[in-house]
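Inside the fold
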Amino acid sequence: MSSMRPDTRSAWLEIDGSAITANMYAIRERVGRQRLICAVVKANGYGHGAVFVARTVLAAGADRLAVATVDEAIELRQAGITAPILLLGEPPIASIPYLLEYDITPTITTIDFALTLGEMADLSGMVAPYHLKVNTGMNRIGIHYTEAIEFLNAISFHRGLKHEGTYTHFATADLIEDWDFKIQLSRFKELIDAMKLADIDPGIVHAANSACTIRYPATYFDMVRPGIMLYGLHPSKVTYGKINLKPAMSVHACVTHVKEPLVGEGVSYGLQYRCPGNVQIATLPIGYGDGLSRLLSDRMYVLYRGRRVPQVGTICMDQMMIEVDYKKSLLNPLPPITVGDEVIIIGEDGGDKLTLDMMADELGTINYELACSFGMRLPHIYV
Ligand SMILES: *Cc1c(COP(=O)(O)O)cnc(C)c1O
């Protein structure tokens, strides 16, 4: 990501650091001073740029960071970030030397991994911290909640291991219906109580993703793990209006080419769209290779001077076209578009806005996926 050169491309992401800071403050206000906040910056900070986001949230009071892969953790360490980093899953055993070298705390879900980690740490004269992941019903990863104590007893003898935390993850915290959520929460609480009865210190207890952080104080325990809300996005429509968040990502492009094809001329691959005449076709240097799904062809708008203008023709890998009907409205005509004019693909302009949520609805997916996709190839400009 750091090799991107923003000045070499006229399509880019703007990432608003002050929005991320404001979202962090909103989280701190929710959870109070006494709890730890572990900011989730996996998948390149949900596409926003992991190193920038990590620095911003740490400066705004985050206590720790979480990522999904060893590479993501190493990227943060190589950028000079020293805060504790939790891996949200158990990596391959072959990655253990990196965990020790870069001070990365893994999640543990198998005895094999735990004991190998302990052995290798001990050989280097170290004690490796780990967090135990408990499966309370999502059935993704983790030790089944009924087997967690037995699991801990099987590895607790090892002097190379330090049980630093115990956590679970909810499958339905963002749904209106809370039946399954409550079952998971009570299973997790039962386990924590049973651990304490058995004289096992659970360490830092944590469970809350963004939806829980917004909706369920009973899930806060010692630490919360917000992800999507850091970026100013809601985990689902259920949390709209329940907290004030500021979106940090906007998507921009400048026109590279303009023409006024004759009536009936086609545009883009397949020539699916045909010109009605008297319109401009402007080209933007952004396409599905930049995270703008091809499924949106002829089904999306961009903002040109604060007004919605339709995208037309098939979206290509690196480019797409828009139609500017500058002769349509006599009362409030659009000025003709010219090369170099900026349009907004996601963001606000002139009182109107296009959001990742709107685009996700159109596509039948979630804002999380779109933020990740836009983050993959477009250069990031941090403001
Ligand atoms: C991604 C993730 C989170 C953050 O979830 P959001 O819905 O983005 O807040 C928290 N915990 C775990 C285990 C995760 O995988």
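What you are looking at is a predicted structure, and each value in this text was computed from that prediction instead of being measured.

The rules behind these values
Sequence order as written defines residue numbering, which begins from 1 separately in each chain. Local features in this predicted model are restricted to residues of pLDDT 70 or higher, and side-chain atom pairs are both shown and tallied only at a pLDDT of 80 or more, whereas totals for entire chains, interfaces and linings draw on every residue. Hydrogens and water molecules were not included; the side-chain quantities draw on all heavy atoms of the structure. Inter-axis angles, ranging from 0 to 180 degrees, are taken between N-to-C directions of lines fitted to C-alpha atoms, where helices are fitted over the stretch in contact. Strands here mean DSSP runs of E at least two residues long; helices mean DSSP runs of H or I at least four residues long; both are numbered from the N terminus. An angle below 35 degrees is read as roughly parallel, one above 145 as roughly antiparallel, one from 65 to 115 as roughly perpendicular, and any other as oblique. In a left-handed crossing the near helix is turned counterclockwise from the far helix by less than a right angle, and in a right-handed crossing that turn is clockwise. Throughout, a residue-residue contact means that at least one pair of heavy atoms, one from each residue, lies within 4.5 Å. Three classes are used, and their members are as follows: Ala, Val, Leu, Ile, Met, Phe, Trp, Tyr, Cys and Pro are nonpolar, Asp, Glu, Lys and Arg are charged, and the others, Gly among them, are polar. In this entry, domain limits derive from an automatic or database-based domain assignment. Accessible area that two parts lose when put together, evaluated with a 1.4 Å probe and summed over both, is termed the buried area. Any Lys or Arg side-chain nitrogen found within 4 Å of a carboxyl oxygen on Asp or Glu counts as a salt bridge. By the criterion applied in these results, polar contacts are pairs of N or O atoms within 3.5 Å in which, for protein atoms, one can donate a hydrogen and the other can accept it, and in which residues neighboring in sequence qualify only through two side-chain atoms. What makes a residue near a molecule or strand is one non-hydrogen atom of that residue sitting within 4 Å of it. For the area figures, the Shrake-Rupley method with a 1.4 Å probe applies, and any residue is considered shielded solely by the protein chains shown. Throughout this description, buried means an accessible area under 20% of the type-specific maximum (1.4 Å probe, protein chains only), exposed means over 50%, and partly exposed covers the range between. Two strands make a pair as long as DSSP finds a minimum of two bridges between them.

Here helix α6 (residues 111–123) crosses helix α7 (residues 148–155) at 30 degrees, and the two axes come no closer than 10 Å. For the element pair α6 / α7, the angle class is roughly parallel. For α6 against α7, the interelement crossing comes out right-handed. Residues Ile111, Ala114 and Leu115 of α6 lie in contact with α7, whose contacting residues are Phe151, Ala154 and Ile155. Of the residues that constitute the contact of α6 with α7, the class distribution is six nonpolar, no polar and no charged.

This next bit is on the domain arrangement of the protein. Each assigned domain of the protein is listed with its residue range as follows: domain 1 (17–232) and domain 2 (249–382). The distance between the C-alpha centroids of domain 1 and domain 2 comes to 39 Å. Carbon and sulfur atoms supply 69% of the area buried between domain 1 and domain 2, which totals about 740 Å² over both sides. Counting across the interface, domain 1 meets domain 2 through zero salt bridges. In terms of residue class, the side of domain 1 that touches domain 2 is made up of four nonpolar, four polar and no charged.

Another point: the side chain of glutamate 164. With respect to the element layout, glutamate 164 can be found in strand β9 (residues 161–167). Reaching out from glutamate 164, the side chain makes a polar contact with the side chain of histidine 131 at a distance of 2.7 Å.

The full set close to the ligand counts 13 residues, and Lys42, Tyr46, Ser210, Ile228 and Tyr368 are the nearest of them. Isoleucine 228 is positioned with one of its backbone polar atoms (N or O) 2.8 Å from an oxygen atom of the ligand. With the chains in place, 93% of the 390 Å² that the ligand exposes on its own is no longer accessible. Of the residues in the shell around the ligand, the class split is six nonpolar, four polar and three charged.

Further remarks concern the pattern of salt bridges. Inspection of every chain in the model, using the stated rule, returns 11 salt bridges. With its nearest N and O atoms 3.1 Å apart, the salt bridge here joins aspartate 122 to arginine 159. Of this pair, aspartate 122 sits in helix α6 while arginine 159 sits in the loop between α7 and β9; the two residues are 37 residues apart in sequence, bridging distant segments of the chain. With a relative accessible area of 26%, aspartate 122 lands in the partly exposed category. Linking lysine 237 and aspartate 361 is a salt bridge whose minimum nitrogen-to-oxygen distance equals 2.8 Å. Residue lysine 237 is found in the loop between β11 (223–224) and β12 (249–254), and its partner aspartate 361 is found in helix α10 (residues 356–363); the two are separated by 124 residues along the sequence. By relative accessible area, aspartate 361 is classed as partly exposed at 47%. One connected set of salt bridges, linked through shared partners, spans Arg9, Asp290, Asp318 and Arg377.

Bridging between strand β17 (residues 301–304) and strand β18 (residues 307–312) involves four bridges; their strand directions are antiparallel. Bridging across to β18, tyrosine 304 finds its partner in arginine 307. The hairpin turn running from β17 into β18, its antiparallel successor, is two residues long, and arginine 305 in that turn takes a positive phi close to 50 degrees. For β18 and strand β19 (residues 320–324), the ladder comprises two bridges, and the chain directions are antiparallel. Residue glutamine 311 lies in a different strand from β19, and its bridge partner there is isoleucine 322.

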